[in-house]
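# Close look at the chain arrangement
Single-letter residue listing:
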Amino acid sequence: MTLPPRAVIVHRATELTELVARHGTRQQAGFFLAGRGRDLAELDARHQAQQDALATVSAAIPLDWRRAVAERDDLDRFGFGPEDVVIAVGQDGLVANVAKYLDGQPVIGINPEPARNPGVLVPHEPEAIADLLVSPQVAERTMVAAGTDDGQHLVALNEVYVGHRTHQSARYRLSAPDALPERQSSSGILIGTGTGSTGWCRSAWQERRSPLALPRPSDPVLSWFVREAWPSPATGTDNTEGLLKAPDSLTITAESDLVVFGDGMESDTLSISWGQRIEVGVAAVKLHLVV
């Protein structure tokens, strides 16, 4: 028996919800803001915009479909199925947050605040959801994968960070294609996709005025940047950026305790210790984004 599709609505708690949770009551939250010359009106408006978008999306799901709701903070514990259609209601980053837990399921990005969010990954208004569920047009986006020598694995849509947990000096040996291995001490390494070329990797690219041509979202190519590499008698700075074309990979051998996380999700990390090795390259799985 074939299961009907399941619509999984993904969202994150609004700023209003988080503020009330932190201060206990709405009145206390309002008092906190008032003491800083602000009020709840802006947060109310943003909260209502998301609630309206969620209601519109929920009402448009066909009656014979199954449905589920997942908050951003619960994604690492949520079980996605092959028949799921994921509907991300929120900012662009929410699509990146959910992408690492998927294996080919289509993602529809819904933008509840078009005047505030760029809409790169959430290009659709809530009212478009009914048509998108019936006849979706899917575009594939390249993802980045990281795997350790003891079997740990993660994928990300924007970028993978490898470095010290607190972003202090990380020590490791870096092996890149067509370059000699180099021992380095740095603030970590960013390895990003074409989608991530508009975010953290672009910041590194702009800051150093890099001549690299950043990849497009669908290119099977990654860009990588070493952050603040430190030259010393024992560490070098010759290999601090480059491009990775599938099936090439970047190999990092830890010479201090390091963490690996994707798309800013520091709560969901891989840990490697001295002597362990991690390989980072183009992921076999792609994000299927409904455009």
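For the structure itself, look to the data block above.
Everything in this summary refers to the structure shown in the same document.

About the criteria used
- Residues numbered from 1 in each chain as written.
- Predicted model: local features only at pLDDT ≥ 70, side-chain atom pairs only at ≥ 80, totals over all residues.
- Heavy atoms only, no water.
- Pairing = 2+ DSSP bridges.
- Helix = DSSP H or I, 4+ residues; strand = E, 2+ residues; numbered from the N terminus.
- Axes fitted to C-alpha atoms, helices over the stretch in contact; angles between N-to-C directions.
- Phe/Tyr/Trp six-rings, centres within 6.5 Å; stacked < 30°, edge-to-face > 60°.
- Buried < 20%, exposed > 50% of the residue type's maximum accessible area, 1.4 Å probe, protein only.
- Arc of directions from axis to C-beta.
- Contact = heavy atoms within 4.5 Å.

### Topic: the pairing of strand S14 (residues 249–254)
Pairing of strand S9 (residues 170–175) with S14 involves 4 bridges; the strand directions are antiparallel. Residue Leu-174 lies in a different strand from S14, and its bridge partner there is Ile-252. As judged from the 5 bridges shared by S14 and strand S17 (residues 277–282), these two strands associate in the antiparallel manner. Within S17, the position partnered with Leu-250 by the bridge is Val-280.

### Details of the sheet that holds strand S7 (residues 153–156)
Read from one edge of the open sheet, 6 strands run S7-S6-S17-S14-S9-S10, paired in antiparallel fashion. The open sheet has two edge strands, S7 and strand S10 (182–186), and neither has a second partner. Across the sheet, the mean angle from the axis of one strand to that of its neighbour is 25 degrees, orientation sign disregarded.

### Details of the packing of aromatic side chains
Under the counting rule described, the total for this entry stands at 3 aromatic pairs. Judged by centre distance (5.0 Å) and plane angle (35 degrees), the rings of Tyr-161 and Phe-261 are tilted. Here Tyr-161 is found in strand S8 (residues 159–163), whereas its partner Phe-261 is found in strand S15 (residues 258–262), with 100 residues between them in sequence. Comparing Tyr-161 with Phe-261 shows no difference in burial state: the two are buried. Taken together through their ring pairs, the aromatic side chains of Tyr-161, Trp-200 and Phe-261 make up a single cluster.

### Quick look at helix H2 (residues 26–34)
Those residues of H2 lying buried are Ala-29, Gly-30 and Leu-33. Down the axis of H2, the sector holding all buried residues measures 100 degrees, keeping them to one side. Across from the buried face of H2, at angles greater than 90 degrees, the exposed residues are Gln-27, Phe-31 and Ala-34. Next to the buried residues of H2 lie helix H1 (15–23) and helix H3 (41–60).

### Observations regarding unusual backbone geometry
In this structure, Pro-247 follows Ala-246 across a cis peptide bond, with omega equal to 10 degrees. In this fold, Pro-247 is placed in the loop between strand S13 (241–245) and S14. One non-glycine residue with positive phi stands out, namely Arg-209, at about 50 degrees. Assignment of secondary structure puts Arg-209 in the loop between helix H6 (200–207) and strand S12 (221–226).

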